[in-house]
Amino acid sequence: MPDLAYVNGEIMPIEKAVVPIEDRGYQFGDGVYEFIASYEGRLFMLEEHLDRLERSMRELAFDPISRADFRKVVLDLFARSGYPRAGLYIQISRGVAPRNHAITPGMTPQVIMTIRPVKEMPAEKRQNGATAITVKDTRWGRCDIKTIQLLSNSLAKQKSLDAGCDDAIFVSDQGVVREGTSSNLFIVSGGRLTTHPLTDNILPGITRMVVLKLCRDADLAVEESFFGIDALVGADEVFLTGTVTELLPLVRINDKSIGRGEVGPITRRLYDLLRKQAMAGAGSN
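To keep things clear, this report deals only with the structure shown in the data block. (Residues numbered from 1 in each chain as written. Predicted model: local features only at pLDDT ≥ 70, side-chain atom pairs only at ≥ 80, totals over all residues. Heavy atoms only, no water.)

Quick word on the packing of aromatic side chains
Here is step 1: In total, this model carries 3 aromatic pairs according to the counting rule given.
Here is step 2: Relative to Phe44, the ring of Tyr39 has its centre 5.8 Å away and its plane inclined at 85 degrees; by these criteria the two rings are edge-to-face.
Here is step 3: Classification of Phe44 as buried rests on a relative accessible area of 10%.
Here is step 4: Residue placement shows Arg24 over the ring face of Phe28; its charged tip is 4.5 Å from the ring centre. (Phe/Tyr/Trp six-rings, centres within 6.5 Å; stacked < 30°, edge-to-face > 60°. Buried < 20%, exposed > 50% of the residue type's maximum accessible area, 1.4 Å probe, protein only. Lys NZ or Arg CZ within 6 Å of the ring centre and 35° of its normal.)

Structure follows, in structure tokens:
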């Protein structure tokens, strides 16, 4: 089976999929997206991803779509792919109209999806840890909406790769540590976990939400509060969370070792708990 795409009701090989040149997603970044991963043939946290997709659409004042009908399409595309470990990308733009900054009334949302096997994180990164740099946060002011406006994220990611690292961590002008280019961030200090609170400045990550619950269920002290670069590089452990990232340890940031420069015990424990929940299919279809 070839990698598949869905475009406004039609499923086709991905290389045949196209969108209109006057799609507002293409011209203005006027679109939202989700990325859902599967484990053992089951989409993980499907309903939570759909919740966030609907929220993103509401925040941008998109016309609503039927959740029940949309869920059926998602599950059909996933089933047709036959991939037990799949990455399903969903993108919805406001619609197609002659280019104009003002929004043309009556547009129909454009819905596209693609599905491919998940590109797994190298095992050595999970075993030995990854590296990162910090960068100035130049993103727009509503990072809590999962929009396709990702140029700052892309440039920051490339900057980290050019520096020989794996990712970049956004830091505000006031010195507040935010998150990675496509992931949320946690630090561990003295056995206590801390992550940035939910504000307009970070994405409400699904994996972040799962990890917070795992911490509380495992009686691990965790709080949502602001912290700066000194707390980041001075932490005992640091890790990123995301749909494909899962839970990725960072052992070096800005060329400084985190803790002892190796993956810490709390990070390892939480990764094992996350994988156990994902493989069990909790929250999945």
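More follows now that the structure is in view.
Some details on the sheet that holds strand β4 (residues 42–43)
Here is step 1: Read across the sheet, 6 strands follow the order β2-β1-β6-β5-β3-β4 without closing on themselves; strand pairing throughout is antiparallel. On the outer flanks of this sheet lie β2 (10–13) and β4, each paired with one strand and no other.
Here is step 2: Each of β1 (4–7), β2, β3 (31–39), β4, β5 (86–93) and β6 (110–117) touches helix α3 (residues 67–81); the most contacted strand, β6, lies at about 30 degrees to it. (Pairing = 2+ DSSP bridges. Helix = DSSP H or I, 4+ residues; strand = E, 2+ residues; numbered from the N terminus. Contact = heavy atoms within 4.5 Å. Axes fitted to C-alpha atoms, helices over the stretch in contact; angles between N-to-C directions.)

Comments concerning helix α2 (residues 46–59)
Here is step 1: Taking 1.5 Å of rise per residue, 14 residues should cover 20 Å, and α2 covers 20 Å from first to last C-alpha, within 8% of that figure.
Here is step 2: When α2 is considered as a whole, its buried residues turn out to be Leu46, His49, Leu50, Arg52, Leu53, Ser56 and Met57. End-on view of α2: buried residues confined to an arc of 160 degrees, all on one side of the axis.
Here is step 3: Against β3, β4, α3, β5 and α6 (206–217) lie the buried residues of α2. (Expected span 1.5 Å × (residues − 1). Arc of directions from axis to C-beta.)

With respect to the pairing of β1
Two faces, one strand: in a regular strand the side chains alternate between the faces of the sheet.
Here is step 1: Along β1, one buried face is formed by Leu4 and Tyr6 and the opposite face, lined by Ala5 and Val7, is buried too.
Here is step 2: When β1 meets β6, the two strands line up antiparallel, connected through 4 bridges. Counterpart to Tyr6 in the pairing with β6 is Met113.
Here is step 3: Pairing between β1 and β2: 4 bridges, direction antiparallel. Across the sheet, residue Tyr6 finds its bridge partner in β2, namely Ile11.
Here is step 4: Here β1 folds back onto β2 in antiparallel fashion, the turn holding 2 residues, of which Asn8 has a positive phi close to 50 degrees.

Some thoughts on the packing of α2 against α3
Here is step 1: Viewed as axis vectors pointing N to C, α2 and α3 meet at an angle of 125 degrees, and their least axial separation amounts to 12 Å. It follows that α2 is oblique to α3 by the angle criterion. Judged by the sense of rotation from one axis to the other, the crossing of α2 with α3 is right-handed. The residues of α3 that touch α2, namely those facing Leu46, Glu47, Leu50, Asp51, Leu53 and Glu54, are Arg67, Phe70, Arg71, Val74 and Leu75. (Parallel < 35°, antiparallel > 145°, perpendicular 65-115°, else oblique. Left-handed = near helix turned anticlockwise from the far one by under 90°.)

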